[in-house]
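Chain residues, written in single-letter form:
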Amino acid sequence: SLWRPTAILLASDLPLIPPTRLRAMTLPTFVDLNLDPFWMPFTANRQFKQSPRLLVSAAGMYYRSIDGREILDGTAGLWCVNAGHCRPEIISAIAQQAATLDFAPTFQMGHPGPFQVADRLRRITPDPLNHVFFANSGSEAVDTALKIALAYHRLRGEGTRQRLIGRERGYHGVGFGGISVGGIAPNRKFFGSLLAGVDHLPHTHNLEHNAFSKGQPTWGAHLADELERLVALHDASTIAAVIVEPLAGSTGVLIPPQGYLERLRAICDRYGILLIFDEVITGFGRLGAPFASQYFGVTPDLITVAKGLTNAAVPMGAVIVRDEIYETFMQGPAGQIEFFHGYTYSGHPLACAAALATLEIYEKEALFERAASLAPYWQEAIHSLRGLPHVIDIRNLGLVAGIELAPREGQGGPRGYDALCRAFEAGLLIRVTGDIIALSPPLIVERSHIDQMVDILSRVLQELP
Ligand code: PLP
């Protein structure tokens, strides 16, 4: 199953692009690729391998495909390259670190990196969330957060608090904890009974009340009251934590209704339940504030992050916790390990180098503020697609948007995947979940890129069967 690109372009065939970008985008050197052995994640392998879409280089807002085309990045990779691609500062920080200290354990040993990153993170997290536990991905961060929640209650003599509550359509990665509290059916149903004692709140998506909302929809705060029902059903003394994405991304961009998160916070406070915000997507400026917590003015007890933490240049995840949670773990004898948990690569030197360089860029270039100032333009541009064929909803917040298409009747598969293929052909990377298109460009996006995205999408939608 050797595959060769059908068109091999010479440098002279490339479209004209500014010389600074051209330099960073080296031409691909073509090799014969055996597509068979790599089992691709979350992908229809056989379909993809029939007509693969391969990316070979990137710079700023653009990828280059293996056939030499520029692809505008409408999704910051996978919601993660917030500062744009191949930033020289990050590249050199990683290279220098690799040449100086490639690896050092953080079990009963240390190196400066994770201490520096944690201290730097603390400057942008909501108070009083000032302590950081490192993992290598969002999934690991989520499972770590759930374990912290369970152990925290036990340490406080409330070991009966073992139930975990997620939300329908929630996505919290693919660890056993994450899929148990997650609410996306295909991610769960092949894998047995999962964690016991998990419940799900209803999701907040409602086209009847909220279609084409700009920003937070007005209807739906009362959906948080379902937590009261679960408390009544199980008793608060059995419930450890509630985990939600403040804005649900992977399921297709569900924006929290006005007042919803505040209500969830109030109910958690009333019953001593920990509130976890999974900010793997919303962290690092996506909504125009460092974290969604600050954007919405609702402070959780734990925050999970990954993706934008290193601008995705090296995998890294983290859990940021309230001081009181950290202090609870620090109560026992000083010579005792406080939390029997950790990964070989927790606080990996390369990830730390990438994170420090990334956080520096975010601050120096004021990228979170930039996202906030572009959000109104983004909103109007995205909503200009209203009225095009198949579009049944458009929703947005910060620099995120979801465009929901009407499902196809009968055969033909989801429209979303068709839209993805056509957008890619037309030079735009989008993300789709079923029939929902998700957009989340790097925060360095310019108005002209937004116009280009809307223009391509508009053509794609008009031609989509
Ligand atoms: N949590 C949320 C909210 C996510 O969006 C994701 C990934 O998209 C994850 C967790 C899992 O992160 P990872 O793929 O790094 O394990």
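For the structure, see preceding data.
In short, a report on the structure. Keep in mind it's a predicted model, so treat the numbers as computed, not measured.

Digging into the overall build of the chain
Here is step 1: Within the chain, the regular secondary structure consists of 17 helices and 17 strands.
Here is step 2: Counting only C-alpha atoms, the chain reaches 70 × 60 × 45 Å along its principal axes.
Here is step 3: The buried share of the chain, taken over its 465 residues, is 47%.
Here is step 4: Sequence separation of 24 or more characterises 74% of the internal contacts of the chain that already satisfy a separation of 6 or more.

Regarding the site of the ligand
Here is step 1: Taken together, 14 residues surround the ligand, and among them S137, G138, S139, G173 and V280 come closest.
Here is step 2: Tallying contributions element by element places helix 6 (residues 138-155) first for the shell around the ligand, with three residues.
Here is step 3: The residue makeup of the shell around the ligand, split by class, is five nonpolar, seven polar and two charged.

Regarding helix 11 (residues 260-271)
Here is step 1: For helix 11, which comprises twelve residues, the first-to-last C-alpha distance of 17 Å matches the rise-based estimate of 16 Å (1.5 Å per residue) to within 8%.
Here is step 2: For helix 11, the complete set of buried residues consists of Y260, L261, L264, R265 and C268. One side of helix 11 holds all its buried residues, which, seen down the axis, span an arc of 135°. Seen from the buried face of helix 11, the exposed residues on the opposite side, beyond 90 degrees, are D269 and R270.
Here is step 3: Elements in contact with the buried residues of helix 11: helix 10 (226-234), strand 9 (239-244), strand 10 (274-278) and helix 12 (292-296).
Here is step 4: Backbone geometry just downstream of helix 11 places G272 in the positive-phi region, at approximately 70°.

Brief notes about the sheet that holds strand 16 (residues 431-433)
Here is step 1: If you trace the four strands from one edge of the open sheet to the other, you get 13-14-17-16, paired in antiparallel fashion. Only two strands of the sheet have a single partner each, and these edge strands are strand 13 (391-397) and strand 16. In this sheet, neighbouring strand axes are inclined to one another by 20° on average, regardless of whether the strands run parallel or antiparallel.
Here is step 2: Where strand 13 and strand 14 (residues 400-405) come together, six bridges link them in antiparallel fashion. Across the sheet, V391 pairs through a bridge with L405, a residue of strand 14.
Here is step 3: Sheet contacts for helix 16 (residues 415-425): strand 14, strand 16 and strand 17 (436-439); angle to strand 16, the most-contacted strand, approximately 170°.

Digging into the packing of helix 5 (residues 112-122) against helix 14 (residues 349-364)
Here is step 1: Orientation of helix 5 relative to helix 14, taken along the N-to-C sense of each, is 30°, at an axis distance of 9 Å. In terms of their interaxial angle, helix 5 and helix 14 are classed as roughly parallel. Relative to helix 14, helix 5 is oriented so that their crossing is left-handed. The residues of helix 14 that touch helix 5, namely those facing G113, P114, Q116, V117 and R120, are P349, C352, A353, A355, L356 and L359.

Brief notes about the nonpolar core
Here is step 1: Counting residues in hydrophobic clusters, the biggest one holds 126 residues, and the most contacted among them are V242, L302, A318 and A354.
Here is step 2: In terms of residues, this core owes the most to one element, helix 14, which gives ten residues.
Here is step 3: Apart from the residues lying within four places of it in its own chain, the contact partners of V242 are I165, L227, L264, C268, I273, L275 and I276.

Cut-off values and rules
- Along each chain, residue indices are assigned from 1 in the same order as the chain's sequence is written.
- The model is predicted, so local features are restricted to residues of pLDDT at least 70 and side-chain atom pairs to those at 80 or more, both for listing and for counting; the totals for chains, interfaces and linings are taken over all residues.
- Working definition: helices are DSSP H or I runs of at least four residues, strands are E runs of at least two. Numbering for both runs from the N terminus.
- Three exposure classes are used, all based on how many other C-beta atoms lie within 10 Å of a residue's own C-beta (placed from the backbone): buried at 20 or more, exposed at 12 or fewer, and partly exposed between those limits.
- Residues are defined as contacting one another if the C-beta atoms placed from their backbone atoms lie within 7 Å.
- By definition, a residue lies near a molecule or strand provided its backbone-derived C-beta atom is within 6 Å of it.
- As a working rule, the residues Ala, Val, Leu, Ile, Met, Phe, Trp, Tyr, Cys and Pro are called nonpolar, Asp, Glu, Lys and Arg charged, and the rest polar, with Gly in that last group.
- The span one expects for a helix is its residue count, reduced by one, times 1.5 Å.
- Read the arc as the range of directions from the helix axis to the C-beta atoms.
- Note on pairing: DSSP must find at least two bridges between two strands before they are called paired.
- The axes are straight lines fitted to the C-alpha atoms, using for helices just the contacting stretch, and the angles between their N-to-C directions are given from 0 to 180°.
- Under this scheme an angle from 65 to 115 degrees is roughly perpendicular, one under 35 degrees roughly parallel, and one over 145 degrees roughly antiparallel; angles in between are oblique.
- What makes a crossing left-handed is the near helix being turned counterclockwise from the far one by less than a right angle; a clockwise turn instead makes it right-handed.
- Each nonpolar core comprises buried Ala, Val, Leu, Ile, Met, Phe, Trp, Tyr and Cys residues, the members being joined through C-beta atoms within 7 Å.

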